[in-house]
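Listed here are the chains, written in short residue letters.
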Amino acid sequence: MARLFRARRVSVTAGALAIAVGGSYMTLRDTSVSASDRGGGTALEALRRRITDPAAVVPSRASQESSLSAATSGNPLDILVIGGGATGCGVALDAATRGLRVGLVEREDFSSGTSSRSTKLIHGGVRYLEKAVFNLDYGQLKLVFHALLERKHVIDNAPHLCHALPCMTPCFGWFETVYYWVGLKMYDLVAGRHLLHLSRYYSAQESSELFPTLARKGNDRSLKGTVVYYDGQMNDSRVNVGLACTAALAGAAVLNHAEVVELLRENGKGRVIGARIRDNLSGKEFDSYAKVIVNAGGPFCDSVRKLADKDAKSMICPSSGVHIVLPDYYSPQGMGLIVPKTKDGRVVFMLPWLGRTVAGTTDSNTKITMLPEPREDEIEFILDAIRDYLNVKVRRMDVLSAWSGIRPLAMDPNAKNTESISRDHVVCEDFPGLVTITGGKWTTYRSMAEDAVDAAIKSGKLNPLNKCLTSNLCLVGGDGWDPAFFTVLAQEYVRMKNTQNGTLVRGVMDTAAAKHLSHSYGTMSQRVASIAQNENLGKRLAHGYPYLEAEVAYCARNEYCESAVDFIARRSRLAFLDTDAANYALPRVIELLAAEHNWDKSRQNEEMETAMKFLETFRSSKNAHFHDGWHT
């Protein structure tokens with residue numbers, strides 16, 4: 001089997017060697033991508049070889065910054081993207097794969113905002129379909145068609161990070177049963193050939209066997225049955241990081257922890273032609289010029305627009321969504337629960353995710369802030385909503401982590417009234433040279449990016465070498481991956497680890513660790529396993545979780561992991577899964593990153609203080625705490 005997996009990866013290409021050796025800014029304007037090849041074909045295969053090459057290494061952060069600062073007014077980038085969330089990284093990847101010179105800057109870290117705080121669902125929008133039918137709204141129906149197509153693209157392009165998930169809808173009356181069965185069959189029909197699996201009805205007895213903690217009686221009602229349908233689920237921030245790294249391998253200069261402090265205008269007042277950027281790690285400032293700036297700042301896109309015009313009319317209506325994480329026994333491993341209508345009409349779900357149960361969400365107006373925090377009343381609302389549907393005691397003390405995300409609902413700034421607030425995305429150029437893309441949702445990030453690049457090409461009169469290729473382009477680690485890939489890790493690698501007294505111990509690459517590495521890093525997981533084996537970094541970072549010390553080193557070297565929070569929140573998901581475990585892992589994470597980035601003691605102390613403040617925004621002091629002392 002090992003030979004089978006290795007055979008899928010081709011020999012080193014010249015393009016990959018150029019990245020690994022030179023680390024310099026590279027575009028796709030080389031012999032592997034012909035200007036006449038506008039149909040995809042050869043260009044797509046060249047990209048795949050470059051991204052999947054086993055010797056490919058992303059350019060260093062220093063070389064990426066150098067490439068951005070080298071973009072002068074006389075030799076500008078084609079596109080400079082502001083924002084490193086799903087949409088921003090999607091724009092960078094799309095533009096780079098079209099043969100354009102691209103740069104991207106992100107104030108914090110890739111996926112540090114809304115994109116890491118999502119529902120983790122890749123969905124078409126069952127509620128939109130309901131509105132489309134009852135309101136005879138063709139626009140809502142188009143949204144569902146479009147989202148279901150993009151749902152399939154996301155799953156196919158990152159198969160190691162995404163999968164289909166069955167979701168159970170409980171029915172406590174026969175009318176409900178028929179209503180949901182018909183509605184979800186329509187959802188199947190709309191999905192057409194992009195269908196994941198057919199929905200179906202289960203009796204009350206069958207439902208209890210599939211979902212043991214589902215209550216069959218309560219509040220003077222009894223369960224008649226359930227309807228189960230399928231949507232997609234993902235590890236959101238790792239998909240986002242995969243987008244950034246894939247864009248870097250495709251030739252984009254991506255730089256996290258770099259903030260735009262000023263937009264540069266032609267003759268001081270005219271077209272936007274670049275940006276003044278501050279490296280938040282070093283404090284250094286530099287100018288980077290581009291023919292077009294794409295503003296993909298998510299909830300913060302208005303602050304970018306105000307850099308162009310301080311009187312710019314706001315186009316973001318922020319909405320807060322709170323989620324909580326509970327122990328795995330709240331839900332079975334392979335089945336989610338959707339409560340379509342709570343007491344106040346909101347939808348609440350409970351889904352298995354990375355070995356735990358995530359529940360949410362609220363939907364309420366909020367203020368835009370860098371680190372949104374969940375309110376206790378919102379946490380209690382979620383607990384109260386799922387309490388009516390479970391036969392297990394639902395307790396606040398079971399909450400392992402809680403977080404809040406800001407969804408940037410968009411309104412066209414040129415619209416005459418607020419009725420234009422959209423669940424779809426908005427692309428506009430209300431200042432020459434500054435294209436803004438906002439709104440939408442994770443599921444449709446790829447098509448949002450495509451629309452933004454199309455608008456940028458038109459605005460800057462750019463000359464791409466080929467059309468959009470991202471609908472059929474796997475992210476790094478996804479091409480050649482198979483659900484059985486973990487068996488290669490389990491059979492061919494061991495976890496060498498140092499004990500507390502310094503003794504070197506040989507441990508097995510057990511199934512849990514092998515599956516975790518395979519699903520987190522895809523085909524790149526062999527690199528992580530190799531570090532665990534050859535550098536004695538096979539110890540787990542926290543008891544009960546499969547995260548290995550080797551991952552910290554790998555992410556620092558290959559995924560632009562520049563801080564402790566970058567790792568515990570976005571490269572791994574410890575902060576989102578269990579704040580107590582994340583707190584336990586922090587000292588070792590900082591120690592490993594210090595070795596990779598040459599941090600002094602002062603920087604290590606600063607990292608600890610910043611990470612502890614970050615964890616407190618997850619209500620860490622009020623969440624479940626365990627002091628068993630066993631982390632091996």
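Residues numbered from 1 in each chain as written. Predicted model: local features only at pLDDT ≥ 70, side-chain atom pairs only at ≥ 80, totals over all residues. Heavy atoms only, no water.

1. Comments concerning the overall build of the protein
When helices and strands are tallied, the protein shows 21 helices and 22 strands. Taken over the C-alpha trace, the protein has a radius of gyration of 24 Å; the compact-globule value for 632 residues is 26 Å, and the two agree within 12%. For the C-alpha atoms alone, the extent of the protein along its principal axes is close to 75 × 70 × 45 Å. For the protein, buried positions account for 60% of its 632 residues. The contacts in the protein between residues at least 6 apart in sequence include a share of 74% that link residues at least 24 apart. With an accessible surface of roughly 25,100 Å², the protein has 53% of that area assigned to carbon and sulfur atoms. (Helix = DSSP H or I, 4+ residues; strand = E, 2+ residues; numbered from the N terminus. Rg over C-alpha atoms; globule rule 2.2 N^0.38 Å. Buried < 20%, exposed > 50% of the residue type's maximum accessible area, 1.4 Å probe, protein only. Contact = heavy atoms within 4.5 Å. Areas by Shrake-Rupley, 256 points an atom, 1.4 Å probe, with all protein chains shown as cover.)

2. Structural notes on the pairing of strand S1 (residues 77–82)
For S1, the tally of buried residues reaches six of six residues, placing the bulk of the element in the interior. Both S1 and strand S2 (residues 102–105) contribute to a ladder of four bridges, which runs parallel. Directly across from isoleucine 79, in S2, lies its bridge partner valine 102. Crossover connection from S1 via helix H5 (residues 86–97) to parallel S2: handedness right-handed. (Pairing = 2+ DSSP bridges. Right-handed = clockwise from strand over helix to strand, strands pointing away.)

3. Quick word on the packing of helix H18 (residues 564–571) against helix H20 (residues 579–597)
For any two helices packed against each other, one specifies the crossing angle of their axes together with the interaxial distance. Interhelical geometry of H18 versus H20 gives an angle of 120° and a closest axis separation of 9 Å. Relative to H20, H18 is oriented oblique. Helix-helix and strand crossings are classified by hand; for H18 and H20 the assignment is right-handed. Every residue of H20 that contacts H18 at Ala564, Phe567 and Ile568 is listed here: Leu586, Val589, Ile590 and Leu593. Residues that form the contact of H18 with H20 fall into these classes: seven nonpolar, no polar and no charged. (Axes fitted to C-alpha atoms, helices over the stretch in contact; angles between N-to-C directions. Parallel < 35°, antiparallel > 145°, perpendicular 65-115°, else oblique. Left-handed = near helix turned anticlockwise from the far one by under 90°. Nonpolar A, V, L, I, M, F, W, Y, C, P; charged D, E, K, R; others polar.)

4. Some remarks on the packing of helix H7 (residues 138–157) against helix H13 (residues 445–460)
Where H7 contacts H13, the two axes come as close as 8 Å, and the packing angle between them is 105°. Taken together, the axes of H7 and H13 lie roughly perpendicular to each other. Contact with H7, carried on its side by His146, Glu150, His153 and Val154, involves Tyr445, Arg446 and Ser447 of H13 and no other residues of that element. A class-by-class count of the residues in the contact of H7 with H13 yields two nonpolar, three polar and two charged.

5. As for helix H10 (residues 236–249)
The first and last C-alpha atoms of H10 sit 20 Å apart over 14 residues, in line with the 20 Å expected at 1.5 Å per residue. One or two residues past the end of H10 sits glycine 251, with phi positive at roughly 120°. (Expected span 1.5 Å × (residues − 1).)

6. Side note on the pattern of salt bridges
Taken as a whole and assessed by the stated rule, the structure comprises 39 salt bridges. Of the charged contacts in the structure, one is a salt bridge between aspartate 311 and lysine 310, with a shortest N-O distance of 3.6 Å. The exposure class of lysine 310 is exposed, given its relative accessible area of 66%. Residue arginine 557 pairs with glutamate 535 through a salt bridge whose shortest N-O separation is 2.9 Å. Here arginine 557 is found in helix H17 (residues 549–558), whereas its partner glutamate 535 is found in the loop between helix H16 (525–534) and H17, with 22 residues between them in sequence. Residue arginine 557 is classed as partly exposed on the basis of its relative accessible area, which comes to 36%. (Salt bridge = Lys/Arg side-chain N within 4 Å of Asp/Glu carboxyl O.)

7. So, the environment of lysine 622
With respect to the element layout, lysine 622 can be found in the segment after helix H21 (601–616). We classify lysine 622 as partly exposed; its relative accessible area is 47%. Measuring from C-alpha to C-alpha, the distance between lysine 622 and alanine 585 comes to 18 Å, with 37 residues separating the pair along the chain. Non-local contacts of lysine 622, meaning those with residues more than four positions away in its chain, are made with Glu376 and Arg396.

8. Digging into a nonpolar patch on the surface
On the surface, Val133, Phe134, Val178, Trp181, Val182 and Met186 cluster together into a nonpolar patch covering about 540 Å² of accessible area. In terms of residue count, the dominant contributor to the nonpolar patch is helix H8 (residues 174–191) (four residues). Structurally, valine 178 can be placed in helix H8. (Patch = residues over 30% accessible without salt bridge, like charges linked within 9 Å, V, L, I, M, F, W, Y side chains within 5 Å.)

9. Remarks on the confidence of the model for the protein
When pLDDT is averaged along the protein, the result is 89; 91% of the residues meet or exceed 70. Segment residues 1–39: pLDDT under 50, and 88 contacts once partners within four positions in sequence are set aside and those in other chains are kept. (pLDDT = per-residue confidence, 0-100.)

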